[in-house]
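Architecture at a glance
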Amino acid sequence: MADTTETEYDVAVIGAGAAGLAAARMLHDVGAQVIVIEARPRIGGRIWTERSCGWYPIELGAELIHGAQTSTVDLAEKAGLTLDEVDRYNGLRWGRPARLISELSPDDPARRAIEQARAVWNLLAQRYPDDAADCSLADELRQHGFTPMALSIADVVLAQTCCAEVELLSCLDLAREQRVDRAGPREFRLRARYDTLLAWLARGLDLHLGRPVQAITDHGDRVTVHTTAGPLGARHCIITVPVAVLAAGMIRFDPPLSAGKQAAIAAFRTRPATKHFFWFDAPLWDEGFAYAAHNGLFARWWTPAHPDLAAPLLCCYVTAERAAVLDRLPDATVREIGLAELGQLLGRDDVATHCVGFRRYRWAADAYARGGYAHLPPGMAWARPVLAAAEGNLHFAGEATAYDSNPQTVHGAIDSGQRAAREIFN
Ligand SMILES: Cc1cc2nc3c(=O)[nH]c(=O)nc-3n(C[C@H](O)[C@H](O)[C@H](O)COP(=O)(O)OP(=O)(O)OC[C@H]3O[C@@H](n4cnc5c(N)ncnc54)[C@H](O)[C@@H]3O)c2cc1C
């Protein structure tokens, strides 16, 4: 690709999600000339606070901050934003009707499966050093005596969170993450919602929205980024688009990325993730209801509002095969099945008559996400650091590249963006 574009910027950041905004913020703050180029007409990527739905602001994408020792908490504190702690796990209710785990008999098969699944999970770092042979999380659980029924429960409480099937999660990759995990078990929500943190990160940045990047040329001494609005030049480029976007070939590279990088991109899987929101004319649950699960299609439910701001609203978040099945069905059918399962979960037969609104967002149908967040199947744990490695003037960030943090999270994405920024100015 011949190109004569002058170098206009020190750094072009591709993507205005958490990773891109964090990278651009850091570079801008040390005086670099940075441009952020984003395909969508909005910032945030897989963080998307919806304020126009008429009832209550909802998070169509990320909602929680997973851990007190995270870059998200650090930035929220700098931005002066209030955090509300959420205790989903101790409040988990299971079954139909759903009951607190601690209230189930110690011999209850569901309680045993959930407690054992968590225990096996907590041992992964110990059992899978970097040079161990890899296997799926399902195989690891089978080695601990998990039956198909117990595995189906582990699929809900462990794998759904990872946007994957329990059969397709690499133990080596999960163990690597546990070894570098500094976040801790506490969870939070931003009281003013995630978009306020994004707006704080984006303040004063040179943002170009609605400009899909189509190609990137690395000339050796500079980079040309080809967008739908024409080319622009920069000394370095940080690419933060989801790995599924790279795998789909939506951006051409000249020269082509190395064979190793291409193999790493191909190693990741990104499965569907869909959030379903149900509004009611009044809360149909008791005050303690925060998080409930069962092994139906609509597997995990929670109250997305802070109790102080109680809203008659429930979120059901499903991923992987469950989301793939539901995504193919029309809204009316999905709403009907969801309410039927919720009725069983709450132990009442009148939920449908109280439902006043329904909304879902299917990330698999979103061209610039192409699913929820990426995971690595067994045998592919090598791919994460390879995806993250710089090539020439190209630097790679985004949740999937967070080999030294927690992939699949906002703080992992932020950490990766800050790591890529440091690669350039250190
Ligand atoms: C439904 C759902 C729920 C989640 N819940 C949580 C949660 O509670 N807590 C948590 O920590 N994490 C959660 N996550 C994960 C979290 O949202 C992501 O890990 C994080 O937001 C990813 O940030 P990123 O910057 O890596 O990618 P993205 O946010 O996807 O940003 C990449 C950007 O690149 C843009 N882009 C793509 N292609 C192009 C192109 N050709 N040209 C220009 N721009 C392009 C995209 O539009 C996007 O804005 C959730 C994710 C989903 C989908």
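Here the structure is a predicted model, which means the values were calculated and not measured.

**Considering the overall build of the protein**
- Secondary structure summary: the protein contains 15 helices and 22 strands in total.
- Dimensions of the protein, computed from the C-alpha atoms along their principal axes, are close to 70 × 50 × 40 Å.
- The proportion of buried residues among the 426 residues of the protein is 57%.
- Taking the contacts inside the protein whose residues are at least 6 apart along the sequence as the reference set, 75% of them involve residues at least 24 apart.
- Carbon and sulfur atoms make up 52% of the accessible area of the protein, which totals about 16,800 Å².
- Side-chain charges of the protein comprise 43 positive and 52 negative groups, with the mean position of each set lying 1 Å from the other.

**Comments concerning helix H8 (residues 194-202)**
- Three or more residues of H8 are buried, namely Tyr194, Leu197, Leu198, Leu201 and Ala202. Taken around the axis of H8, the buried residues stretch over an arc of 130°, which confines them to a single face.
- Just past H8, the residue Gly204 takes up positive phi, approximately 75°.

**Digging into the site of the ligand**
- Taken together, 37 residues sit near the ligand, with Glu38, Arg40, Arg46, Leu64 and Val410 positioned nearest.
- Separating a nitrogen atom of the ligand from a side-chain N or O atom of His66 is a distance of 3.0 Å.
- When the free accessible area of the ligand is taken as 1,000 Å², the share hidden by the protein chains comes to 98%.
- Those elements that provide at least two residues to the shell around the ligand are helix H1 (18-29), strand S5 (64-66) and helix H15 (410-425).
- For the shell around the ligand, the per-class residue count stands at 21 nonpolar, 11 polar and 5 charged.
- Residue contributions to the shell around the ligand reach at least three from each of two domains, namely domain 1 (7-46 + 196-269 + 379-425) and domain 2 (49-69 + 76-88 + 187-191 + 270-365).

**Notes on the domain arrangement of the protein**
- Here the domain parsing of the protein yields domain 1 (7-46 + 196-269 + 379-425), domain 2 (49-69 + 76-88 + 187-191 + 270-365) and domain 3 (105-180).
- Look at where the C-alpha atoms of domain 1 and domain 2 centre, and you get two points 30 Å apart.
- Of the residues lining the interface, 14 residues belong to domain 1; the matching set on domain 2 comes to 12 residues.
- The largest per-residue losses of area from domain 1 upon contact with domain 2 belong to Arg46, Leu197 and Trp200, which jointly make up 41% of the total buried on that side.
- Taken together, the links from domain 1 to domain 2 amount to 0 salt bridges.
- Broken down by element, the residue count for the side of domain 1 that touches domain 2 peaks at 3 residues, all from H8.
- Here the side of domain 1 that touches domain 2 is built from residues that sort into 6 nonpolar, 4 polar and 4 charged.

**A few points about helix H12 (residues 331-346)**
- Here H12 spans 22 Å end to end across 16 residues, near enough to the 22 Å set by a 1.5 Å rise per residue.
- Those residues of H12 that sit buried are Val334, Gly338, Leu339, Glu341, Leu342, Gly343, Leu345 and Leu346.
- Gly347, located one to two residues past H12, shows a positive phi value of around 70°.

Thresholds applied
Residues numbered from 1 in each chain as written. Predicted model: local features only at pLDDT ≥ 70, side-chain atom pairs only at ≥ 80, totals over all residues. Heavy atoms only, no water. Helix = DSSP H or I, 4+ residues; strand = E, 2+ residues; numbered from the N terminus. Buried < 20%, exposed > 50% of the residue type's maximum accessible area, 1.4 Å probe, protein only. Contact = heavy atoms within 4.5 Å. Areas by Shrake-Rupley, 256 points an atom, 1.4 Å probe, with all protein chains shown as cover. Lys, Arg positive; Asp, Glu negative; His and termini not counted. Charge placed at Lys NZ, Arg CZ, Asp CG, Glu CD. Arc of directions from axis to C-beta. Near = heavy atom within 4 Å. Polar contact = N/O pair within 3.5 Å; in protein donor to acceptor, adjacent residues only side chain to side chain. Nonpolar A, V, L, I, M, F, W, Y, C, P; charged D, E, K, R; others polar. Domains from an automatic or database assignment. Buried area = accessible area lost by both parts, 1.4 Å probe. Salt bridge = Lys/Arg side-chain N within 4 Å of Asp/Glu carboxyl O. Expected span 1.5 Å × (residues − 1).

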